[in-house]
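Coordinate analysis (summary)
Single-letter residue listing:
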Amino acid sequence: MAPLSLPISSAADAVTASSAPRTTRALNSCGAGARVTVVDIDCTGDEACRLRALGLCEGTAVNVIDARDAMLLEVRGTRLALGAALTAGITVQLAARA
């Protein structure tokens with residue numbers, strides 16, 4: 001039986017794949033219509049626990065519906081309204097445009 005050979009990616013391929021900039025920002029700095037992914041939640045223990053219970057946790061995709069005084073977010077098919085002080089502690093990454 002012939003040995004199985006697997007394709008090996010070069011270091012150049014790894015650099016190209018990882019060279020896309022990964023910018024993060026506070027959720028409260030995003031405007032209406034933004035699509036983001038939650039990277040970190042830096043709130044008090046009770047607030048972070050409540051947000052996670054509502055489905056807002058690291059890795060979750062979020063759509064910003066409205067960003068006036070409070071932020072109206074769509075999270076896993078549910079809408080949440082969060083104040084500016086709370087959203088300031090949530091770090092997000094802008095989603096890649098399709």
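Structural data are supplied above this passage.
Here is a short report on the structure shown in this document. All of these numbers come straight from a predicted model, not from anything done at the bench. In this numbering scheme, every chain counts its residues from 1 along its sequence in written order. For a predicted model such as this one, the threshold for reporting local features is a pLDDT of at least 70, and the threshold for listing and counting side-chain atom pairs is 80 or more; totals across whole chains, interfaces and linings nevertheless cover every residue. Computation of side-chain values: all heavy atoms of the structure, hydrogens and water removed.

1. Points about the environment of Val39
Helix numbering and strand numbering both begin at the N terminus, where a helix is a DSSP run of H or I of at least 4 residues and a strand a DSSP run of E of at least 2. Inspection of the secondary structure assignment puts Val39 in strand β2 (residues 35–41). Buried residues are those whose accessible area, probed at 1.4 Å on protein chains only, stays under 20% of the maximum for their type, while exposed residues exceed 50% and partly exposed ones sit between those limits. Taking relative accessible area as the criterion, Val39 reaches 36% and is therefore assigned partly exposed. Beyond its immediate sequence surroundings of up to four residues, Val39 is in contact with Thr24, Glu58, Thr91, Val92 and Gln93. Contacts between residues were defined by any pair of non-hydrogen atoms, one from each residue, lying within 4.5 Å.

2. With respect to the nonpolar core
Throughout this description, the term nonpolar core refers to a set of buried Ala, Val, Leu, Ile, Met, Phe, Trp, Tyr and Cys residues connected via side-chain atoms within 4.5 Å. Counting 19 residues, the largest nonpolar core has Leu27, Leu56, Leu73 and Ile90 as its most contacted members. Discounting chain neighbours no more than four positions away, the residues touching Leu73 are Leu27, Val62, Asn63, Val64, Ile65, Thr78, Arg79, Leu80 and Leu82.

3. What about unusual backbone geometry?
You will see that Arg76, though not glycine, has its phi angle at about 55°, which is positive. Counting through the fold element by element, Arg76 comes out in the loop between β4 (71–75) and β5 (78–82).

4. Digging into the sheet that holds β5
Taken in spatial order, the six strands of this open sheet run β1-β6-β2-β3-β4-β5, and their pairing is antiparallel. Every interior strand has two partners, whereas the edge strands, β1 (24–26) and β5, have only one. Strand-to-strand twist of the sheet, defined as the mean angle between neighbouring strand axes without regard to direction, takes the value 40°. Two strands are counted as paired when DSSP detects at least two bridges linking them. With five bridges connecting them, strand β3 (residues 61–67) and β4 associate as antiparallel partners. The residue of β4 that forms the bridge with Asp66 is Leu72. Lines fitted to the C-alpha atoms define the axes, with helices restricted to the stretch that makes contact. Angles between their N-to-C directions range from 0 to 180 degrees.

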